[in-house]
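For reference, the chains in residue letters:
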Amino acid sequence: MMQTTNLRHLPLLLLLATWTLSFVLHPGTSMAQDVEIEKTTPSAAISVSVDEVKEKLDKLQNDTAMEKKTKESLGNLYRKTISNLESAASDGQAAIDYRKAEKEAPIQASALRQKTLDKKKISPESTLKQYSDESLEKLESLLLKEKADLAAVDANLTKTKESLIFESQRPQAIRQQLIDANHTATGIAKALQQPTVIPDEPPAITEARRWARESEAEKLDKKIEMLDQELLSQSMRIELIKAEKEKAEHSVYFVNARVDQLEQIVNDRRQAKASQVQVEAEQSQLQVEGLDPLLQQLAESNTDLSRQINDITSELKQSGDENDKVSKWAERINQDYKSARQKLEI
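Read on for a plain summary of the structure. Values in this document were obtained by computation on a predicted structure and should not be read as measured data.

Scanning the protein chain for helices and strands turns up 8 helices and 0 strands. For the protein chain, buried positions account for 38% of its 346 residues. Across the protein chain, contacts joining residues at least 24 apart in sequence account for 84% of those joining residues at least 6 apart. With an accessible surface of roughly 20,100 Å², the protein chain has 52% of that area assigned to carbon and sulfur atoms.

Here the focus is the packing of aromatic side chains. Taken as a whole and assessed by the stated rule, the structure comprises 1 aromatic pair. Between Tyr-78 and Trp-211 the ring centres are 6.3 Å apart and the planes differ by 35 degrees, which places this aromatic pair in the tilted class. One end of the pair, Tyr-78, is in helix 4 (residues 68-120); the other, Trp-211, is in helix 6 (residues 203-287), with 133 residues separating them in the sequence. Trp-211 carries the same exposure label as Tyr-78, and that label is buried.

On to the side chain of Arg-258. As for its position among the elements, Arg-258 is in helix 6. In this structure Arg-258 comes out as buried when scored by relative accessible area, which is 9%. Reaching out from Arg-258, the side chain makes a polar contact with the side chain of Glu-146 at a distance of 2.8 Å. Setting aside chain neighbours within four positions, we find Arg-258 in contact with Pro-124, Thr-127, Leu-128, Tyr-131 and Glu-146.

What counts and how
- Within any chain, residue numbers begin from 1 and follow the written order of that chain's sequence.
- The predicted nature of this model means local features are confined to residues of pLDDT at least 70 and side-chain atom pairs, given and counted, to a pLDDT of 80 or more, with totals for whole chains, interfaces and linings taken over all residues.
- Side-chain descriptors were evaluated using all non-hydrogen atoms of the structure, hydrogens and water having been removed beforehand.
- Under the scheme used here, helices are H or I runs from DSSP no shorter than 4 residues and strands are E runs no shorter than 2 residues, and both carry numbers assigned from the N terminus.
- Here the term buried applies to any residue with accessible area under 20% of the maximum for its type, exposed to any over 50%, and partly exposed to those in between, with areas from a 1.4 Å probe on protein chains only.
- A contact between two residues is defined here by any heavy atoms of the two lying within 4.5 Å.
- For the accessible areas, the method is Shrake-Rupley and the probe is 1.4 Å, while residue cover comes only from the protein chains on display.
- Here is the rule: rings of Phe, Tyr and Trp (six-membered ring for Trp) pair when centre to centre is within 6.5 Å. Planes less than 30 degrees apart are stacked, more than 60 are edge-to-face, and the remainder are tilted.
- By the criterion applied in these results, polar contacts are pairs of N or O atoms within 3.5 Å in which, for protein atoms, one can donate a hydrogen and the other can accept it, and in which residues neighboring in sequence qualify only through two side-chain atoms.

As structure tokens, this is what we get:
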């Protein structure tokens with residue numbers, strides 16, 4: 001006599017199909033409203049674990065006596081069951097995480113907003129006072145670091161904005177997934193009514209087929225539970241993302257202000273250094289008047305180059321360019337002048 005798969009899954013699947021269809025037709029409601037109904041339905045827990053099926057699969061692969069066709073059928077059913085159960089476990093954990101987020105996200109959002117408010121009380125300029133006596137080289141290095149930090153916080157802000165857009169679009173995607181789940185539930189319900197014992201079929205295949213059908217029901221159950229919890233927690237999680245966006249926006253503002261301030265300080269230092277080099281070059285030109293013509297020519301060249309550097313530095317200051325060639329040119333002028341003087345002394 002033909003037997004059917006354990007029918008304890010059938011009422012649940014019919015409920016899931018009705019439950020899903022109701023939510024799709026009335027998107028303003030949550031499936032969580034039917035929690036009490038769910039508790040009164042028969043359990044969909046499968047009677048075998050992933051480890052047990054994996055152990056069966058390992059033994060099957062080492063079995064050299066079994067007929068090839070039977071072995072292939074068993075292997076496929078075992079692998080399908082393992083995949084279903086692993087998906088069910090993953091979705092079940094996701095549902096737990098969403099429940100946790102529903103409770104904790106509001107607290108986290110509030111704490112994050114308070115931290116952002118506290119940081120807004122600190123001016124970016126005040127954090128740079130400790131560097132007022134640092135060398136130009138140190139300030140240039142700090143400026144490069146701040147620019148790298150600015151790129152990082154700007155990327156984080158972009159990522160946060162993208163997360164907010166993604167979450168705002170999720171309800172529609174979830175509704176479509178629930179429609180698909182409804183179709184799947186109908187198919188599984190029909191499959192569960194099919195006979196599991198086929199004449200002359202090995203008992204192992206009958207058992208494996210039952211596990212595959214039951215695990216499919218378990219997988220669907222956990223998926224719908226996960227989607228429901230995602231919807232229930234969405235508004236809380238969106239508020240947390242908004243708080244993260246506010247924090248990221250302030251970070252971009254704060255670091256950008258530090259970069260602007262540091263650029264001003266560095267450019268002022270460069271201008272001062274270039275002006276000093278020009279003065280020194282002009283003084284050197286006066287000192288070599290009446291001396292060797294070559295030395296006078298070098299001094300005049302140094303003075304001209306110093307004036308050019310001073311002009312270039314002024315332009316860089318206005319444009320905010322971070323070209324450090326000005327400092328190198330000034331150093332080169334000094335070295336060339338010293339080298340020429342040493343040759344004349346020899």
